[in-house]
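Survey of secondary and tertiary structure
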Amino acid sequence: MLIATWNVNSIKQRHDHVIRFLEEAKPDVLCLQELKCQDDAFPADEIRRLGYEVAVHGQKAFNGVALLSRHPLSDIRRGLPEGEGDDHARYIEALVARPEGGVMRVASIYLPNGNPLGTPKFPYKLAWMERLRRHAEALLEREEPLVLAGDYNVIPDARDCTDPAAWLGDALFQPETRGAFRSLLALGLTEAVRACDDRAGLYTFWDYQAGAWQRNNGIRIDHLLLSPQAADRLAATEIHKHTRGWEKPSDHVPVSARFAF
């Protein structure tokens, strides 16, 4: 079973890329982020023709997340708990019926950026991460295969960016941000890519500016966190770096994990 995550940075601009990736990689589940559209503007019919069910939590011009699944979806949740007053479309979760029997719970996450520091955006990021931690803790009590996938806007470690010094004043690399990410892992979650590959220089995002892609000046901020029941079945991961070389690409690339169910 193959589960992938991808911040497409506008489904309107990148829907052809999404179709191309679905046809090329054939993921069982694709978690999308930063749709930048409302639900009714999402190209669901075109994706359904490829054999995927679609669940969308959209927002006009900003944010937006979706789950595309080759298998039936149920128990769909749009938004994190404790979301009173928070209208950002950043979280969607569902149960995916596995073809071999049983289910896997999958979430698509677009965690707040938090920049610039010194504004309300950074405490909002940290508060959102704490809400995610509490929800993940509750989900883990179910003892299900669980994948929390998405754009976390967190650089976990210095080896996850080309130039750590350049990120010292950025919300993605603050000690508080990295500590909140470690608190998630401390619940018993496994970071899929690092479980398979411990090398430095693994990136999932290259800025559009200053020739970042051409110079391989990247960062790793797209992650799949796994419950013990999912981690036990993890077989391989892949960063689909070649998609960054497509015409008019997203600044992120897909990341996938394969499970031996």
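Figured I'd write up the structure that's included with this text. Quick caveat, the model's predicted, so the values are computed rather than measured.

Quick word on helix H1 (residues 11-25)
Between the first and last C-alpha of H1 there are merely 18 Å, a value that for 15 residues lags more than 12% behind the 21 Å anticipated at 1.5 Å per step. At His17, H1 is deflected by roughly 30°, the largest bend along its length. Within H1, burial applies to Ile11, Arg14, His17, Val18, Ile19, Phe21, Leu22 and Ala25. Residues of H1 that are buried sit in contact with strand E1 (2-7), strand E2 (29-33), helix H2 (44-48) and strand E4 (65-69).

Observations concerning the environment of Phe261
As for its position among the elements, Phe261 is in the segment after strand E14 (255-259). By relative accessible area, which is 23% here, Phe261 ends up partly exposed. Sequence separation between Phe261 and Gly102 is 159 residues; the distance between their C-alpha atoms is 9.7 Å. Leave out the neighbours within four places in its chain, and Phe261 touches Met1, Arg98, Glu100, Met104, Pro145 and Arg233.

Concerning the layout of surface pockets
The calculated volume of the largest pocket comes to roughly 300 Å³. In terms of lining, the largest pocket is formed by 17 residues, of which the most central are Asn63, His88, Arg90, Asn113 and Lys121. Classifying every residue of the lining of the largest pocket gives six nonpolar, seven polar and four charged. The space that makes up the second largest pocket amounts to roughly 190 Å³. What lines the second largest pocket is a set of 15 residues, among which Asn113, Asn153, Phe205, Asp251 and His252 lie closest to the centre.

Observations regarding the sheet that holds strand E9 (residues 190-191)
Pairing within the open sheet is mixed, and its six strands lie in the order E5-E6-E7-E8-E12-E9. At either end of the open sheet lies a strand with only one pairing partner, and these are strand E5 (73-78) and E9. Summarising the sheet, E9 and strand E12 (residues 222-226) pair through two bridges and their orientation is antiparallel. Along E12, the bridge assignment pairs Glu191 with Leu225.

Calculation criteria
Residues numbered from 1 in each chain as written. Predicted model: local features only at pLDDT ≥ 70, side-chain atom pairs only at ≥ 80, totals over all residues. Heavy atoms only, no water. Helix = DSSP H or I, 4+ residues; strand = E, 2+ residues; numbered from the N terminus. Expected span 1.5 Å × (residues − 1). Bend = angle between axes of the 7 residues up to and from the residue. Buried < 20%, exposed > 50% of the residue type's maximum accessible area, 1.4 Å probe, protein only. Contact = heavy atoms within 4.5 Å. 1 Å grid on protein atoms, 1.4 Å probe; cavity = no way out; pocket = protein on both sides within 12 Å on 5 of 7 lines; lining within 4 Å. Points joined across faces, edges and corners; volume = space filled by probe spheres on them. Nonpolar A, V, L, I, M, F, W, Y, C, P; charged D, E, K, R; others polar. Pairing = 2+ DSSP bridges.

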